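Residue-level listing of the chains:
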Amino acid sequence: LMRSSAASDVYKRQATKLSNIDMIVRVASLAIIVILAIVSLFIISNTVKVTMFSRRTEISIMKSVGATNGFVRIPFIVEGMLIGLISGGISVAILLVAYKYAVQALYNIVPFLNAVDIDPYVMYIIAGYAIVGALFGLFGGSISIGKYLNNEGENAVA
């Protein structure tokens, strides 16, 4: 009886340690996702900003002949969405290849472990990354062009 109680305590401590490690990994993963999301918005926003800067004369001409802010905004928002879609596609490709190698390495370390088969979910993963990428591109493009039209676009007629 004494042995089973001691063994039970050991298993409880190990389970608690694993649970703590799981929580740390979840929090760290969430923090990394938030940081990467902010960096992605920043990169997309700056890319669209550079494009706007290079086309400022065209924007001035469009505004001087009566183009609305919405008409000027659309190409830059579409560009941001395309950047987001391409980024999402690259991310999916990297994820699928990395997952394949990670699962193989895990099987080599712990052969009895069953990993999740993601094959039935690949289309959902691709769609999710495409949608999130397009939304980030939409937000990044909207932020950049909105700031430009509010600050410089109104006075940009040369």
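Scroll up for the structure.
Since the model is a prediction, treat every value here as computed from it, not as a measurement. Throughout this document, residue positions are counted from 1 along each chain, in the order its sequence is written. Confidence filtering applies because this is a predicted model: local features only for residues at pLDDT of at least 70, side-chain atom pairs given and counted only at 80 or more, and all residues used for totals across whole chains, interfaces and linings. To get the side-chain values, all heavy atoms of the structure are used, and hydrogens and water are removed first.

Draft legend 1. Molecular detail of the packing of aromatic side chains. Aromatic rings from Phe, Tyr and Trp, taking only the six-membered ring of Trp, are treated as a pair when their centres fall within 6.5 Å; an angle between ring planes under 30 degrees marks them as stacked, one over 60 as edge-to-face, and anything in between as tilted. The full count for this structure, using the stated rule, is zero aromatic pairs. For a Lys NZ or an Arg CZ to count as sitting over a ring, it must be within 6 Å of the ring centre and within 35 degrees of the ring normal. A cation over an aromatic ring shows up here: R56 above the ring of F53, its NZ or CZ 4.0 Å from the ring centre. Sitting above the plane of the Y101 ring, K100 keeps its charged end 5.6 Å from the centroid.

Draft legend 2. Focus on the nonpolar core. Listed in full, the eleven residues of the largest apolar core are I44, V48, M52, I59, A67, V72, F76, I77, I145, Y148 and L149. Strands here are runs of E lasting at least two residues and helices are runs of H or I lasting at least four, both read from the DSSP assignment and numbered beginning at the N terminus. Only α1 (2–54), α3 (69–109) and α4 (122–151) provide two or more residues apiece to this core. We call two residues in contact whenever any of their non-hydrogen atoms come within 4.5 Å of each other. Not counting residues up to four positions away in its chain, the partners in contact with M52 are I59, F76, S144, I145 and Y148. Nine residue types can take part in a nonpolar core, namely buried Ala, Val, Leu, Ile, Met, Phe, Trp, Tyr and Cys, and a core is a set of them joined through side-chain atoms within 4.5 Å. Only protein chains enter the area calculation, which uses a 1.4 Å probe; residues under 20% of their type maximum are buried, those over 50% are exposed, and those in between are partly exposed.

Draft legend 3. Representation of the side chain of T51 in the model. Topologically, T51 is positioned in helix α1. Of the residues examined, T51 reaches a relative accessible area of 13% and is grouped as buried. Whenever a nitrogen or oxygen atom comes within 3.5 Å of another N or O atom, the pair is scored as a polar contact, on the condition that within protein one atom can donate a hydrogen and the other can accept it, and that pairs from neighbouring residues in sequence are kept only if both atoms are in side chains. A polar contact of 2.9 Å, which involves the side chain of T51, links it to the side chain of E79. Discounting residues that sit within four places of it in the chain, T51 has contacts with F76 and E79.

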